Amino acid sequence: MNETEIKLAYFDKERIIYRLKELGAVFKSNQEINDVYYSNKYNSLEEAKTFIRIRTKNKKSELTFKGEISSNDDIWKRIELNSGIENLDNVKKILELLGFKILLNNTTIREYWILNDVEIAIINILEPAKVDYLELECDNEDKIKEVRLKLGGLVSSVKEDHFKKLDEARKNEIDIG
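A.B. asks: Please explain the overall build of the chain as it appears in this structure.
C.D. replies: The helix and strand tally for the chain stands at four helices and ten strands. Here the C-alpha radius of gyration of the chain, 17 Å, is about what a compact globule of 177 residues would show, namely 16 Å. Considering only C-alpha atoms, the chain reaches an extent of 50 × 30 × 30 Å along its principal axes. Across the 177 residues of the chain, 41% fall into the buried class. Pairs at least 24 apart in sequence give 61% of the contacts found in the chain among residues at least 6 apart. Working note: accessible area of the chain is about 10,400 Å², and carbon and sulfur atoms make up 48% of it. One finds the centroid of the 30 positive side-chain charges in the chain at a distance of 1 Å from the centroid of its 34 negative side-chain charges.

A.B. asks: Help me understand the pattern of salt bridges in this model?
C.D. replies: Should the charged atoms of two oppositely charged side chains come close, the side chains can pair. With the rule as written, the count across this model stands at 18 salt bridges. Among the ionic pairs, Asp-35 bridges to Arg-53, the shortest N-O distance being 3.9 Å. With Asp-35 in strand β2 (residues 26-39) and Arg-53 in strand β3 (residues 51-57), this residue pair connects regions lying 18 residues apart in the sequence. Just as Asp-35 is buried, Arg-53 falls in that class too.

A.B. asks: What exactly am I supposed to notice about the pairing of β2 here?
C.D. replies: For a regular strand, side-chain orientation follows a simple rule: the groups alternate between the two sheet faces. Note that β2 and strand β7 (residues 101-115) share 13 bridges and pair antiparallel. Bridge assignment links Gln-31 to a residue of β7, and that residue is Arg-110.

A.B. asks: Got a minute to help me understand the nonpolar core in this structure?
C.D. replies: Soluble globular proteins: nonpolar side chains tend toward being buried together. In this structure, Ile-16, Leu-20, Ile-120, Ile-122, Leu-134 and Leu-136 are the most contacted members of the largest nonpolar core, which totals 21 residues. Of all the secondary structure elements, the ones that give two or more residues to this core are β1 (2-10), α1 (13-23), β7, β8 (118-127), β9 (131-137) and α3 (141-151).

A.B. asks: Can you walk me through the side chain of Glu-80 in this structure?
C.D. replies: With respect to the helices and strands, the residue Glu-80 is situated in strand β6 (residues 75-84). Of the residues examined, Glu-80 reaches a relative accessible area of 11% and is grouped as buried.

A.B. asks: Would you mind showing me how to read the layout of surface pockets here?
C.D. replies: In this approach, a probe sized like a water molecule rolls over the atoms, and the result shows the empty space that is left. In this structure, the largest pocket encloses a volume near 1,200 Å³. The residue inventory of the lining of the largest pocket, partitioned by class, reads 14 nonpolar, five polar and 23 charged. Its boundaries defined by the atoms lining it, the second largest pocket holds a volume of some 170 Å³. The wall of the second largest pocket is formed by Met-1, Asn-2, Glu-3, Thr-4, Glu-80, Asp-117, Glu-137, Cys-138 and Asp-139. Among the elements that take part in the lining of the second largest pocket, β1 stands out by supplying three residues, more than any other. The residue makeup of the lining of the second largest pocket, split by class, is two nonpolar, two polar and five charged.

What counts, and where the lines are drawn
Residues numbered from 1 in each chain as written. Predicted model: local features only at pLDDT ≥ 70, side-chain atom pairs only at ≥ 80, totals over all residues. Heavy atoms only, no water. Helix = DSSP H or I, 4+ residues; strand = E, 2+ residues; numbered from the N terminus. Rg over C-alpha atoms; globule rule 2.2 N^0.38 Å. Buried < 20%, exposed > 50% of the residue type's maximum accessible area, 1.4 Å probe, protein only. Contact = heavy atoms within 4.5 Å. Areas by Shrake-Rupley, 256 points an atom, 1.4 Å probe, with all protein chains shown as cover. Lys, Arg positive; Asp, Glu negative; His and termini not counted. Charge placed at Lys NZ, Arg CZ, Asp CG, Glu CD. Salt bridge = Lys/Arg side-chain N within 4 Å of Asp/Glu carboxyl O. Pairing = 2+ DSSP bridges. Core = buried A, V, L, I, M, F, W, Y, C linked by side-chain atoms within 4.5 Å. 1 Å grid on protein atoms, 1.4 Å probe; cavity = no way out; pocket = protein on both sides within 12 Å on 5 of 7 lines; lining within 4 Å. Points joined across faces, edges and corners; volume = space filled by probe spheres on them. Nonpolar A, V, L, I, M, F, W, Y, C, P; charged D, E, K, R; others polar.

So, in structure tokens, the structure goes:
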């Protein structure tokens, strides 16, 4: 399955929510999510071209493979394959035995909205560092562009250094540990 999305910086969550309501977006849910990213080739998420993720939400976990990104106008496309996990401890042990190392372990609060078939996620990473961003995801790239335009000056392109705090926090954990 392919994933098509754009990550955007925002500065005022309340104004984003107000604008979404103005546009007729439908609120779906709030979720707390724990993501653990693994690689057997790369040392940081920043440099990883492909990786494995274990996501846990609502006491259920899934394994995801994320392929290399091809980018067009800040919109990312990549292969994303998911599968449920029956025994989380065994899957973690399998990854470890195959030489996978943890790149990042983070906790996020996500608020999901839908507008014109586009899933809008307001994402607040809480740990290991505080990073906020918006994610627009849909199979249709034109619909993503349309929603981005409707959000106007409330959002901007994510710059390279937007997620740098996460890698720095991870490096600090390694140095301390």
